[in-house]
Amino acid sequence: MSDPRRSSRGGAAYRDPVVTENAATDDARQALAAGARPRRFGAWYVAEHRFRVMRSYGQTILVTGFGEPLIYLYAMGVGLATLVDQNLGLEAQGVGYLVYVAPALLCSAALTTATIEFSYPVLLGYKWNPTFSGMHAGPISPGQIVDGLVISVVVRLAATVAIYFGFMLLFGAVPSPTGWLAIVIATLTGMAFGTLLMAYASTIRDDTGQLAMVERLIVLPLTLFSGTFFPLSELPWFLQWIGWISPLWHGTELARVATFGYPEPIWLSVVHVVVLVTMAVAGWAWSRRIAARRLAS
Amino acid sequence: MPQPVISAVDLVKRYGDVAAVDGLSFEVAAGESFGLLGPNGAGKSTTMRMIGAVSTRTGGELSILGLDPDRNGPDIRSQLGVVPQADNLDTELRVRENLLVYGRYFGLPRKVVAERADELLAFAQLEDKGDAKVDALSGGMKRRLTIARGLINDPRILLLDEPTTGLDPQARHILWDRLFRLKEQGKTLVLTTHYMDEAEQLCDRLIVVDHGRIMAEGTPAELIRRYSSREVLELRFGSDRNEEVARALEGSGDRVEVLPDRILVYTADGEAELERIVDAGLHPRTSLVRRSSLEDVFLRLTGRSLIE
């Protein structure tokens with residue numbers, strides 16, 4: 001403990017450090033009162049910011065939100081299905097290709113949307129237009145910034161997926177009454193991949209196109225080899241591991257169970273849930289740690 | 001005596017082996033306008049980040065509004081307004097939206113934020129820019145908007161890191177005028193600068209910082225009185241002759257300082273000194289008598305000029 005009298009102002013009266021500990025001054029009380037709301041609701045204020053920003057590209061969100069399910073369900077589920085249904089005999093399992101592929105398209109849409117929301121906005125907030133440091137200069141903590149992003153993306157994903165699901169109903173792609181669970185499952189799938197991507201994006205200090213690489217070398221292969229368009233068992237054995245580490249495979253299989261009672265042992269469904277939740281939570285926690293380190297250097 | 005709003009004792013911030021801030025002790029009273037003056041890399045911004053409760057100290061004591069920033073960061077920050085060196089306005093949002101969103105971070109009700117946003121747009125002379133995109137604003141306007149944003153929570157202390165760096169003279173004067181108004185309203189200002197005219201205009205009291213240490217502390221007038229003469233005679237003999245003439249000038253005034261482009265003679269009476277020098281047969285190409293400034297104080301204290 002240093003001697004307070006060594007102050008540059010010599011005789012200036014220093015407050016007793018014990019007083020500081022108890023925050024007994026008017027200034028301190030006022031600060032504690034003002035800090036109470038941000039401490040509790042800070043993450044929601046960050047989410048509010050995100051929604052306001054999303055509104056600035058709201059048209060894009062709407063067009064893709066409605067256009068994508070329409071195009072994909074029609075192209076894959078109706079167009080491609082005429083070939084597949086004839087040749088692969090999926091009717092044997094009691095469902096057509098549309099029903100088989102729709103949950104995969106749903107989860108895939110969640111994955112793509114999460115990729116968008118957790119990549120560039122994160123890099124932007126840390127680096128190009130450092131709004132995160134602006135929030136942190138106010139009462140918002142680094143962890144709350146991450147939480148706020150998570151809240152906003154969950155909402156955006158749930159909305160996107162719900163619209164998608166609506167189209168699936170219209171196309172007659174949801175025979176099971178538990179089908180609505182696919183909305184939750186797809187949202188979780190998006191978060192499982194998204195929070196990990198957020199963590200990675202948070203570590204990027206010099207942008208040399210890493211995010212574009214992630215999209216091409218990770219997101220695209222995941223979409224193709226996660227049992228989305230054809231069962232994982234159709235892949236050669238040396239590629240099947242992709243499915244096991246892919247949140248998209250776990251999500252899609254689970255969504256299939258929900259929408260048409262895809263035959264799968266119950267333990268496997270439990271594994272899907274555990275993997276997805278673990279990924280989402282791990283990415284979230286990792287992002288919070290990086291944020292704390294990066295913003296409070 | 002009222003409690004200081006900021007109190008630092010032997011404040012230290014180390015990055016690895018480098019001490020960016022190396023034992024600063026100072027206090028800031030409520031309503032005071034306090035400056036940290038020093039060259040780039042002196043540790044001013046690091047100090048500001050610690051006062052702003054976003055950077056943890058490596059050593060020493062720091063109390064902001066009677067609270068420890070390590071433990072009560074969010075509470076302290078709820079009472080601060082921060083104008084960072086680099087603008088971090090949200091370019092995805094419009095001008096007024098920037099204020100609205102920022103006010104919400106403090107948990108202020110939407111209605112209160114909306115009222116204050118309009119008041120602050122007027123204060124920042126941006127009333128008619130509310131719907132403009134941030135990128136469409138000039139540098140000075142962005143700075144003013146950043147200051148307005150820093151005031152949205154009606155902070156106890158406003159922290160300004162190099163508030164006018166990079167602005168043209170006109171924009172700087174507009175900004176100084178705004179800051180002076182805040183000072184008149186009794187707002188506590190803490191600012192860093194490497195412009196001595198800025199410090200002289202805005203600071204009641206300042207510390208001169210170099211290599212993370214305090215070189216001197218006082219009011220601008222005090223510092224000038226203590227470390228410089230009343231007037232300064234600036235002489236230019238041409239870069240090649242300065243050194244040689246400097247030897248002949250030894251003993252002139254209180255002190256002679258040789259810079260690459262000119263010679264400074266510190267004296268109580270510049271005109272009289274110039275006369276003596278000319279009588280001695282030395283004929284400078286140009287000469288200028290001016291009042292001593294903080295730049296001279298800094299030069300005296302560190303042997304270097306502020307802007308290099």
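Rules and cut-offs
Residues numbered from 1 in each chain as written. Chains lettered and ligands numbered in written order. Predicted model: local features only at pLDDT ≥ 70, side-chain atom pairs only at ≥ 80, totals over all residues. Heavy atoms only, no water. Helix = DSSP H or I, 4+ residues; strand = E, 2+ residues; numbered from the N terminus. Buried < 20%, exposed > 50% of the residue type's maximum accessible area, 1.4 Å probe, protein only. Contact = heavy atoms within 4.5 Å. Areas by Shrake-Rupley, 256 points an atom, 1.4 Å probe, with all protein chains shown as cover. UniProt positions renumbered as here; feature names shortened; annotations may be inferred. pLDDT = per-residue confidence, 0-100. Buried area = accessible area lost by both parts, 1.4 Å probe. Salt bridge = Lys/Arg side-chain N within 4 Å of Asp/Glu carboxyl O. Polar contact = N/O pair within 3.5 Å; in protein donor to acceptor, adjacent residues only side chain to side chain. Nonpolar A, V, L, I, M, F, W, Y, C, P; charged D, E, K, R; others polar. Arc of directions from axis to C-beta. Pairing = 2+ DSSP bridges. Axes fitted to C-alpha atoms, helices over the stretch in contact; angles between N-to-C directions.

The helix and strand inventory of chain B stands at 11 helices and 13 strands. Counting only C-alpha atoms, chain B reaches 75 × 45 × 40 Å along its principal axes. Looking at chain B residue by residue over its 308 residues, the buried ones come to 60%. Within chain B, residue pairs in contact and separated by at least 24 positions form 67% of the contacts whose partners lie at least 6 positions apart. Accessible surface, chain B: about 12500 Å² in total, of which carbon and sulfur atoms supply 47%.

Below, the discussion takes up the UniProt feature "transmembrane region" (unreviewed entry) in chain A. Residues and elements named next belong to chain A. UniProt annotation of "transmembrane region" (unreviewed entry) refers to residues 60-83, 95-124, 145-174, 180-201, 213-232 and 266-286 when read in the numbering used here. In residues 60-83, helix accounts for 100% and strand for 0%; the two terminal C-alpha atoms are 32 Å from one another. Between the first and last C-alpha atoms of residues 266-286 the distance is 30 Å; the span itself is 100% helix and 0% strand.

All names here are of chain B. Confidence along chain B averages 90 in pLDDT terms, with 98% of residues attaining 70 or more. The least confident element of chain B is helix H9 (residues 242-249), whose mean pLDDT is 80; the most confident is helix H3 (residues 95-105), at 97. Two numbers describe this predicted complex: its pTM, 0.88, and its ipTM, 0.87.

Note on interface size: it is often stated as the accessible area lost on association of the parts. Contacts between the two partners involve 48 residues from chain B, matched on the other side by 51 residues from chain A. Roughly 4400 Å² is buried in total at the junction of chain B and chain A, and carbon and sulfur atoms are behind 49% of that figure. Summed over the shared surface of chain B and chain A, the result is 5 salt bridges. Residue Arg156(B) pairs with Asp27(A) through a salt bridge whose shortest N-O separation is 2.6 Å. The interface formed by chain B and chain A includes 16 residue pairs in polar contact (both at pLDDT 80 or more). Counting residues per element, the ones that place at least two in the side of chain B that touches chain A are strand S1 (6-15), strand S2 (18-28), strand S4 (59-64), helix H2 (69-77) and H3 of chain B. For the side of chain B that touches chain A, the residue count by class is 19 nonpolar, 12 polar and 17 charged.

Now for the pattern of salt bridges. Residue and element names in this part refer to chain B. This model, assessed by the stated rule, comprises 35 salt bridges over all chains. Between Arg172 and Asp197 there is a salt bridge, with the nearest N and O atoms lying 3.5 Å from each other. Of this pair, Arg172 sits in helix H6 (residues 169-184) while Asp197 sits in helix H7 (residues 196-202), and the two are 25 residues apart along the sequence. For Asp197, a relative accessible area of 31% translates into the label partly exposed.

Here we take up the UniProt feature "domain: ABC transporter" (unreviewed entry) in chain B. Mapped onto this numbering, the UniProt entry annotates "domain: ABC transporter" (unreviewed entry) at residues 6-236 of chain B. Annotated as residues 6-236 of chain B, this span is 37% helix and 28% strand, and its ends, taken at the C-alpha atoms, are 44 Å apart.

Right, let's talk about the side chain of Ser152(A) for a bit. All names here are of chain A. As for its placement among the helices and strands, Ser152 is situated in helix H6 (residues 142-170). For Ser152, a relative accessible area of 0% translates into the label buried. At a separation of 2.8 Å, a polar atom in the side chain of Ser152 contacts the main-chain carbonyl oxygen of Leu149. Setting aside anything within four residues of it in sequence, one finds Ser152 in contact with Ala47, Arg50, Phe51 and Met54.

With that out of the way, let us pick up helix H10 (residues 270-279) of chain B. Residues and elements named next belong to chain B. Buried within H10 are the following residues: Gly270, Glu273, Leu274 and Ile277. Projected down its long axis, H10 shows its buried positions confined to an angular sector of 100°, all on one face. The exposed set on the far side of H10, more than 90 degrees from its buried face, consists of Glu271, Glu275 and Asp279. Of the surrounding secondary structure, the elements contacted by the buried residues of H10 are strand S10 (231-236), H9, strand S12 (263-267) and strand S13 (286-291). In the segment just after H10, Gly281 is the residue with positive phi, at about 95°.

Residues and elements named next belong to chain B. Spatially, the 3 strands line up as an open sheet ordered S2-S1-S4, and their pairing is antiparallel. Every interior strand has two partners, whereas the edge strands, S2 and S4, have only one. Along the sheet, successive strands turn relative to each other by an average axial angle of 25°, direction set aside. Both S1 and S4 contribute to a ladder of 5 bridges, which runs antiparallel. Residue pairing across strands places Val12 opposite Gly59, the latter belonging to S4.

Residues and elements named next belong to chain B. Notably, Asp154 is not glycine yet its phi reads approximately 50°, a positive angle. As for its placement among the helices and strands, Asp154 is situated in the loop between helix H5 (139-150) and strand S6 (157-161). Despite not being glycine, Glu162 shows a phi value in the positive range, around 50°. Looking at the element boundaries, Glu162 is found in the loop between S6 and H6. A residue is classified by how much of its surface remains accessible, and Glu162, at 2% relative accessible area, is buried.

Residues and elements named next belong to chain B. With respect to the helices, strands and loops of the structure, Ala171 is situated in helix H6. Taking the relative accessible area as the measure of exposure, Ala171 reaches 13% and is therefore buried. Placed 56 residues apart in sequence, Ala171 and Tyr227 show a C-alpha to C-alpha distance of 31 Å.

A word on helix H8 (residues 220-227) of chain B. Residues and elements named next belong to chain B. Taken as a whole, H8 has its buried residues at Pro220, Leu223, Ile224 and Tyr227. The buried residues of H8 occupy an angular sector of 100° when the element is viewed end-on, so they sit on one face. Residues of H8 that are buried in the fold lie against H7, strand S8 (205-210), strand S9 (213-218), strand S11 (255-258) and helix H11 (294-302).

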